[in-house]
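Chain residues, written in single-letter form:
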Amino acid sequence: MRGMLGSRRAYVGRRREREALGTSLRRGGALLLTGEAGIGKTRLAEQLAAQLGAPAAIQASTGLSAVPFGALSPLFARFGVRTTDAADALVALHTALGHDHDTVIVVDDVPRLDGASVAVVEQLVRGAACPVVLTARDGEPLPEAVQKLLDEGSVVAHEVRGLQIDDVARLLELLVGGPIHPTTLRTVASESGGAPLVIHELVAGARAAGVLRHGRHGWEMPGVVANRRLIDMVEARFADLDEALRPSLELLAAAQPLPLAVLDHEIVERLVEVQLVVADPNVAGAFDVRLAHPLYDDVLRAMAPAIRWRRRQREASELLATTGAADDEFRSVALALDAGGPLDLDRAQRAAVRAASRSAYGLALSLADAVLAERPEAFDALLVRGTALAADGDDRARDALARAAAAAGDDEQRALAAHRRGIYLALRADRVAEAIDVCTAALERIGDDDWRQFLAADLVKWRMMDGRVAEPLTEPVGGTGAARLNHCLIAALLGTMSGDLAASDAAVDEGLPLARIHRAELPNAEDLLYLSRFLGRAFAGDLPAARALAEKQLQQRTDREDEQVGMWSYALGVAMLHTGYAQRTGELADAAITHLEWRDFTGLRPVARALKATALAQRARSAEARESLDAVPEASLADQKVALQCAQARAWLLAAEGRRADAVELLASAGRAGIANGHEMLAALTSYEAVRLGGAASVVGDLAALAGRAPATMVDVLLEHAEAAVAADPNRLMVVADRLSAMGFATAAADAASQAATAFDAAGRETRARAARRRAEVLADGCDGARGAAGVAPMLTPREREVAAAAAGRLRSREIAERLGVSPRTVDNHLARIYRKLDVSNRDAMAAALAELGLADGDAAGREPPYRASFL
């Protein structure tokens, strides 16, 4: 039985969806949850019912559809209804429900309900006897009475969609007992369409087949294993299929999407009519045809004999080879490889390069190995093999890339081989010094100016990572090639680090079009350029714009579970840290670490661990913060971005111990080292933490020197705060607080206002001091990051503010509980914490304290904090 009817399946996600639907049900009326089979309608209905009260489950079925009141018998038994007359049954139920205010009726599969039961349910909805939740599968006609309720608005329809990929990850982790491999996550999310039932069955099928195993980066499944239950579920869709259409379905299952131009149009039209395939326009204005559900291909594959399936793959390969499109050639070769057919080695080598540029490293490795079996010295295949092994951190990558370097026959190949070896050594093997040696040695053998400049840009980056002062970047001779793109990447990085944001923006603008052309040579160039743009916006004093960029990039990558997820999780975590959301920072840092352990093309693994430590230290979780710091490799501290972030984490740990002077000294020293090594902007942020901790005098000179060298707006405001703090000028500090707030630095702005309050107090200006304290509370509203100003009381959480505002408005605990959807005991617990935080003992004193903070008269009731996570 499903859902409330006995299933013990894990349930995750849909929190916001449940909250919104629960609010709608509390207002009265009924809901109709629609969606495909297995999408989670029943479980969502169960959760809604449990959220509102005691669920009364009605399970309709085809077998009971001819039995009057057959589906309602559990409901009748629950309330002691003993009659076969619809009118008498309705009266008895209304009477019983009038004395039972907790019942929520759930009717699962309402299209299969018998006519007498439909009549009773209709009247229960019209009489608003209790909340009612109905479910119906897509494509099944509703009973006439239910359709009428829907048309009248007495029932509100809600389409239940598949789980988002982050919820798919949580569900998989519950099912397998640990983190899931990113590739497996992407496969399961795609094949299941986010349907929880399908996800359960895919895991069950993999476990039964013995192919679910634990690897270095989490639990893995080599592919989709369609078990008998899944096959039965999907095969029902093909029950009445004209067998003349099956070959075309199998062809699509082998190679979807296929261009409409290579298919029989009449057959496609028939398959579209029965909703087994869809035809969508592509970017070229033509149409691509694919199966209507991602699971169909796996089931069709499981149903087809192996010989027939390989024949379909060969047929699809031949069709794709006729289009002349590079993407289609790539897919054609991949299909031929999978079918075990003969390969054109030139086409296979091109396909291997294309697969690597798309991060399809498993396919790239297979294609490269197939080429190398016949051509053992083929440079492109050797380079692809080394790249694919390096991407997964395979130790064999070292020798594979050395073989590619030995096989290089011209300057372009020598440069590309040294480039890939450097990436592996510096970013995956943590051997930056060796990457420098490889790069230097290769430069001695390269005469072409463009390729020398291509590799020279790498050398600048590796030297920076090794803690050496960045050397000037030489302008490349070439105009539009890969050398120019690599120059743009490093120029953008140097510009952001030094604060020359105009130069950085110019490099990003020039590089982005090149990144799309030279994806084979520099597959991650586009993301690296956008990372420089993200940093540039933050350093220009527009943290909200930087955060929005990171959120957009992360959402796009998360939807596809791309290898860039780790980088963008880290970037967004940095933005959240400086905004004041320490808990969210820690969550993002954790996600970054997980993904970067799998794929790291930026060398961010150590600094992501330091970011996590900083977030934990700001939340007073000192032991965990130290554990995260201990996980940062000692060798990586030569990289200034790692050293600076570690210094911030250690400083907040010292501050938590009351050792503020030691924290300030540590920050000032780290900031000066960062400045000396060309990381001016990150050094400015590190030095600035000392200002927040009350040590402005120790760093004001350093910030002043930076402001004279770096045109970034952010440094000017940080310096202004330091100068105002040194002067103990409360009016200037209040101006700085507003400027920091406008930049998006919420907790820093609150610190400036708190420092202003202290200065006003010292001057005997109590009224202005109270106003400054109120301003500090408002500026930090919703933030959970540490406050640098000494003596700042803990703030109320958003939920505590809701409870406090409602209580100040004279609502009783039970009334507040009903409004917020929690228990009265939970409300009382919140109130106890609120009293303790505000140092009050009753509601009147609490109301006065809220007025002091500018949060009286219900200002905080129902208010959203400034940030709500939209993913992960």
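The structure under discussion appears in the preceding block.
Reading guide: rules and limits
Along every chain, residues carry numbers that run from 1 in the direction the sequence is written. Totals for whole chains, interfaces and linings use every residue, but because this is a predicted model, local features are given only for residues with pLDDT of at least 70 and side-chain atom pairs only at 80 or more, for both listing and counting. Each side-chain value is derived from all of the structure's non-hydrogen atoms; neither hydrogens nor water enter the calculation. Helix and strand labels come from DSSP, where a helix needs a run of H or I of at least four residues and a strand needs a run of E of at least two; each type is numbered from the N terminus. When accessible area is computed with a 1.4 Å probe and restricted to protein chains, residues below 20% of their type maximum are described as buried, those above 50% as exposed, and intermediate ones as partly exposed. The criterion used for residue contact is that any of the two residues' heavy atoms lie within 4.5 Å. Only the protein chains shown count as covering a residue, and every accessible area follows the Shrake-Rupley method with a 1.4 Å probe. By definition, two strands form a pair when at least two bridges between them are found by DSSP. Note on definitions: the grid is 1 Å and covers protein atoms alone; a cavity is a set of points where a 1.4 Å probe fits but cannot get out; a pocket is an open set with protein on both sides within 12 Å along at least five of seven lines; lining residues have an atom within 4 Å of a point. Grid points are joined across faces, edges and corners, and a volume is the space filled by probe spheres set on the points. When residue character is reported, Ala, Val, Leu, Ile, Met, Phe, Trp, Tyr, Cys and Pro are called nonpolar, Asp, Glu, Lys and Arg charged, and the others, Gly included, polar. We count a salt bridge whenever a side-chain nitrogen from Lys or Arg sits within 4 Å of a carboxyl oxygen from Asp or Glu. For a helix, the expected span equals 1.5 Å multiplied by the residue count minus one. Take the buried residues of types Ala, Val, Leu, Ile, Met, Phe, Trp, Tyr and Cys, join any two whose side-chain atoms come within 4.5 Å, and each joined set is a nonpolar core. Note on definitions: angles span 0 to 180 degrees between N-to-C directions of axes, and those axes are lines fitted to C-alpha atoms, for helices only across the stretch in contact. Roughly parallel means an angle under 35 degrees; roughly antiparallel, over 145; roughly perpendicular, 65 to 115; everything else is oblique. Handedness of each helix crossing follows the sense of rotation of the near helix against the far helix: counterclockwise by less than a right angle gives left-handed, clockwise gives right-handed.

Undergrad: Can you walk me through the overall build of the chain in this structure?
TA: Looking only at helices and strands, the chain features 42 helices and 10 strands. Relative to its full complement of 872 residues, the chain shows a buried share of 54%. Partitioning the contacts of the chain with sequence separation of at least 6, the portion at a separation of at least 24 is 66%. About 36,100 Å² of surface is accessible on the chain, with carbon and sulfur atoms providing 50% of the total.

Undergrad: What should I look at first to understand the sheet that holds strand E10 (residues 287-291) in this one?
TA: The pairing of strands in a sheet comes from backbone hydrogen bonds and takes either a parallel or an antiparallel form. Read across the open sheet, the 3 strands follow the order E8-E10-E9; overall the sheet is antiparallel. Each edge of the open sheet is held by one strand with a lone partner, namely strand E8 (258-259) and strand E9 (277-281). As paired strands, E8 and E10 are joined by 2 bridges and run antiparallel to one another. Across the sheet, the residue bridging to Leu258 is Val289, located in E10.

Undergrad: Sorry, what's going on with empty space enclosed by the protein here?
TA: To find leftover empty space, a probe the size of one water molecule is rolled over the atoms. Scanning all chains against the criterion turns up 5 cavities of 30 Å³ or more. For the lining of the largest cavity, the secondary-structure elements that each account for two or more residues are helix H18 (379-391), helix H20 (411-428), helix H22 (449-465), helix H23 (482-498), helix H25 (525-539), helix H27 (565-579), helix H31 (640-656) and helix H33 (680-692). Of the residues assigned to the lining of the largest cavity, the class counts are 30 nonpolar, 11 polar and 9 charged.

Undergrad: What should I look at first to understand the pattern of salt bridges in this one?
TA: Oppositely charged side chains can form a pair if their charged atoms are brought close together. A complete count under the given rule lists 58 salt bridges for this structure. Of the charged contacts, one joins Asp328 and Arg331 as a salt bridge, the two residues approaching to 3.4 Å between their closest N and O atoms. You can see Asp328 and its partner Arg331 sitting in helix H15 (residues 326-338), 3 residues apart, about one turn around the helix. Look at Asp328 and you get buried, because its relative accessible area is 12%. Connected through salt bridges with shared partners, the residues Glu689, Arg692, Asp751, Glu777, Asp781, Arg787 and Arg801 form a single ionic network.

Undergrad: Would you explain the pairing of strand E1 (residues 30-35) in this entry?
TA: For a regular strand, side chains alternate in direction, first toward one face of the sheet and then toward the other. Counting buried residues along E1, 6 of its 6 residues qualify, which places the element largely inside the surrounding structure. Taking every second residue as pointing to the same face, both faces of E1 are buried, with Ala30, Leu32 and Thr34 on one and Leu31, Leu33 and Gly35 on the other. Looking at chain direction, E1 and strand E4 (residues 132-137) are connected through 6 bridges and run parallel. Its bridge partner lying in E4, Leu33 is registered against Thr135.

Undergrad: Would you take a moment to explain helix H29 (residues 605-618) for this structure?
TA: At 3.6 residues per turn, the α-helix brings residues three or four places apart onto the same side. Counted at 1.5 Å a residue, the expected span for H29 with its 14 residues is 20 Å, and the 20 Å between its end C-alpha atoms agrees. Counting buried positions along H29 gives 12 out of 14 residues, so the element sits mostly inside the fold. Within H29, burial applies to Arg605, Pro606, Val607, Ala608, Ala610, Leu611, Ala613, Thr614, Ala615, Leu616, Ala617 and Gln618. Buried residues belonging to H29 abut H20, H27, helix H28 (582-598), helix H30 (622-630), H31 and H33.

Undergrad: Looking at this structure, how should I read the nonpolar core?
TA: A general feature of soluble globular proteins is that nonpolar side chains tend to end up buried together. Trp462, Phe534, Phe539, Trp568, Met714 and Leu740 are the most contacted members of the largest nonpolar core, which has 165 residues in total. Take this core: its biggest share by element is 10 residues, from H27. Once you skip the residues sitting within four places of it in the chain, Met714 turns out to touch Ala538, Phe539, Ala540, Gly541, Met681, Leu685, Met743 and Phe745. The next biggest cluster of nonpolar side chains, apart from the first, holds 64 residues, and it includes Val188, Ala189, Leu245 and Ala304.

Undergrad: Would you mind going over the packing of H27 against H28 with me for this structure?
TA: In helix packing, the relevant descriptors are the interaxial angle and the interaxial distance, both defined with respect to the helix axes. Contact geometry for H27 and H28: axes closest at 8 Å, N-to-C directions at 160°. Taken together, H27 and H28 sit at an angle that is classed as roughly antiparallel. Between H27 and H28 lies a crossing whose hand is left-handed. Touching Val565, Gly566, Met567, Ser569, Tyr570, Leu572, Gly573, Met576 and Leu577 of H27 are Arg584, Thr585, Leu588, Ala591, Ala592, His595 and Leu596, all from H28. Broken down by class, the residue content of the contact of H27 with H28 amounts to 10 nonpolar, 5 polar and 1 charged.

Undergrad: Sorry if this is basic, but what is going on with the packing of helix H36 (residues 730-743) against helix H37 (residues 746-762) here?
TA: Orientation of H36 relative to H37, taken along the N-to-C sense of each, is 170°, at an axis distance of 8 Å. When the axes of H36 and H37 are compared, the pair comes out roughly antiparallel. In this structure, the crossing between H36 and H37 has a hand that is left-handed. Contact residues: H36 offers Pro730, Asn731, Leu733, Met734, Val736, Ala737, Leu740 and Ser741, while H37 offers Ala748, Ala749, Ala752, Ala753, Gln755, Ala756, Ala759 and Phe760. Partitioned by chemical class, the residues of the contact of H36 with H37 number 13 nonpolar, 3 polar and no charged.

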